[in-house]
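Remarks on the overall topology
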Number of protein chains: 2
Amino acid sequence: MSVIDNLISALQVLPGVGPKSAQRMTLFLLQAQRPGGLELATALTSAMQEVRECSVCRNFTEAAICRICNDGGRDPRLLCIVESPADVLAFETAGGFSGRYFVLHGKLSPLDGIGPEDLGLVQLGRLIQGEVDGAADGDKNRVEEVILATNPNVEGEATAHYIVQMLSAEPVVVSRIAHGVPLGGEIEYTDGGTLAHALQGRRNIG
Amino acid sequence: MSVIDNLISALQVLPGVGPKSAQRMTLFLLQAQRPGGLELATALTSAMQEVRECSVCRNFTEAAICRICNDGGRDPRLLCIVESPADVLAFETAGGFSGRYFVLHGKLSPLDGIGPEDLGLVQLGRLIQGEVDGAADGDKNRVEEVILATNPNVEGEATAHYIVQMLSAEPVVVSRIAHGVPLGGEIEYTDGGTLAHALQGRRNIG
């Protein structure tokens, strides 16, 4: 196999990249972006080798403790539990949340053999009981509210439910993010489950 | 910049990859495909460093002379002139062409400062005059027909026209690929220029 065919095949490891776009990418890099291609190779090697999980929140980081856990300006009393690092990025991009996160890296799925131990729930328990050394300030974590931000589907709900049970003995408030009609969405085209949640979760505004 | 941000940014050198898909690719590789990510890095480095132009046809290859030029089974009398390596791949995938290629790596475009010398036309002239050592059989190239397969747009036509002029003194047949309604296309939705070409290029079948 030539090095060109080799690159076309290797690019297809990327999600959403098939043979056609891999070929287009390969020829583009060879023709117009060899320095960029080499930079990408270096960036890939560093990331694949250096990135690990934050020892506090399990988010991806190349340090022992991630930037967010290390940020003394973040409120250690609020802990938002998400399924994946992509969810952390989504919340961070949205802005407005000043607390910290805990990343499950999955959701409970007995059929796939994913149980509580795979989601770091033991570590979550220790974190909430203040047994994990947290942020740069050297403080023990003192979580007061746990916000469950797993996805609103069967497995995400089951995961949230499991964590509620697990934390029932702890002196923390446990909340769930609101489900309802998304901004910019249209009620006419919103599914029944979402509308039911939107009605249940209604608030007084007058 | 963290190594994760670095990879998200480096991936955007790829055509069709914006911040959103770069982020998705990065998290996917970190979560599920670190070996594949490392292989991609190796493949990228090799390709960016080793791939050069074939000394006969200017197509991309890591050898001095590319696989097609080196293939004694290909007809050296037929030479198909294309704008890019992607065009060679398209013809090879289609199959049915047994000759060889010459890759211009562009098209005449005075406004962009791309002239005949950038397209290797001097080398093309020498190739057709039999002054370039060609295939593995050690034969001089003995091109009898030059097929112009530049794209059917203004610059591609101008490039084809220029090559026709350039080769007017050589003892070779010069032909142009047919333009017409593509297979699977619908006459109703075909543009006027294409239909005019389709009519002009009609053939007796009865």
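Residues numbered from 1 in each chain as written. Chains lettered and ligands numbered in written order. Predicted model: local features only at pLDDT ≥ 70, side-chain atom pairs only at ≥ 80, totals over all residues. Heavy atoms only, no water.

With that settled, the discussion passes to the sheet that holds strand β5 (residues 145–148) of chain A. Neighbouring strands of a sheet are bound in pairs by backbone hydrogen bonds; such pairs are parallel or else antiparallel. Residues and elements named next belong to chain A. Within the open sheet, the four strands sit side by side as β4-β3-β5-β6. Their pairing is parallel. A strand with exactly one partner marks an edge of an open sheet, and here the two such strands are β4 (100–103) and β6 (173–176). Mean inter-strand twist for the sheet, computed between neighbouring axes without regard to direction, equals 25°. Inspection of the sheet shows strand β3 (residues 78–82) paired to β4 by four bridges, in the parallel sense. The residue of β4 that forms the bridge with Leu 79 is Arg 100. (Pairing = 2+ DSSP bridges. Helix = DSSP H or I, 4+ residues; strand = E, 2+ residues; numbered from the N terminus. Axes fitted to C-alpha atoms, helices over the stretch in contact; angles between N-to-C directions.)

In terms of burial, β3 of chain A is largely enclosed, as four of its five residues are buried. Once you follow β3 of chain A into helix α4 (residues 85–94) of chain A and on to β4 of chain A, the crossover reads as right-handed. (Buried < 20%, exposed > 50% of the residue type's maximum accessible area, 1.4 Å probe, protein only. Right-handed = clockwise from strand over helix to strand, strands pointing away.)

By convention here, two paired aromatic rings are described through the distance between centres and the angle between planes. Residue and element names in this part refer to chain A. Throughout the structure, instances matching the rule amount to four aromatic pairs over all chains. Judged by centre distance (6.3 Å) and plane angle (35°), the rings of Phe 91 and Tyr 101 are tilted. Highlighted residues: Phe 91 in helix α4 and Tyr 101 in strand β4, separated in sequence by 10 residues. Judged by its relative accessible area of 27%, Phe 91 is partly exposed. (Phe/Tyr/Trp six-rings, centres within 6.5 Å; stacked < 30°, edge-to-face > 60°.)

So, about the relation of the copies chain A and chain B. Expressed as a screw operation, the relation of chain A to chain B combines 0.0 Å of axial shift with a rotation of 180°, fitting to an RMSD of 0.1 Å. On the angle and the small slide along the axis, the relation comes out as a two-fold axis. Taking C-alpha positions as the reference, the residue of chain A nearest the rotation axis is Ala 41 of chain A, at 2.1 Å. Here 100% of the contact residues of chain A are again contact residues in chain B; the copies associate through an equivalent surface. (Least-squares fit on C-alpha atoms with pLDDT ≥ 70 in both. Contact = heavy atoms within 4.5 Å.)

With that settled, consider the environment of Ala 10 of chain A. By the element assignment, Ala 10 of chain A lies in helix α1 (residues 3–11). Counting along the chain gives 12 residues from Ala 10 of chain A to Ala 22 of chain A, while the straight-line C-alpha distance between them is 8.4 Å. Excluding residues within four positions of it along the chain, Ala 10 of chain A makes contact with Glu 39, Leu 40 and Ala 43 of chain B.

Counting from both sides, the interface comprises 47 residues of chain A and, opposite them, 47 residues of chain B. Connecting chain A to chain B are two salt bridges. In this assembly, chain A and chain B are joined by six residue pairs in polar contact (both at pLDDT 80 or more). Looking at the side of chain A that touches chain B, the elements that each hand over two or more residues are α1, α2 (19–32), α3 (34–50), β2 (60–61) and α4 of chain A. (Salt bridge = Lys/Arg side-chain N within 4 Å of Asp/Glu carboxyl O. Polar contact = N/O pair within 3.5 Å; in protein donor to acceptor, adjacent residues only side chain to side chain.)

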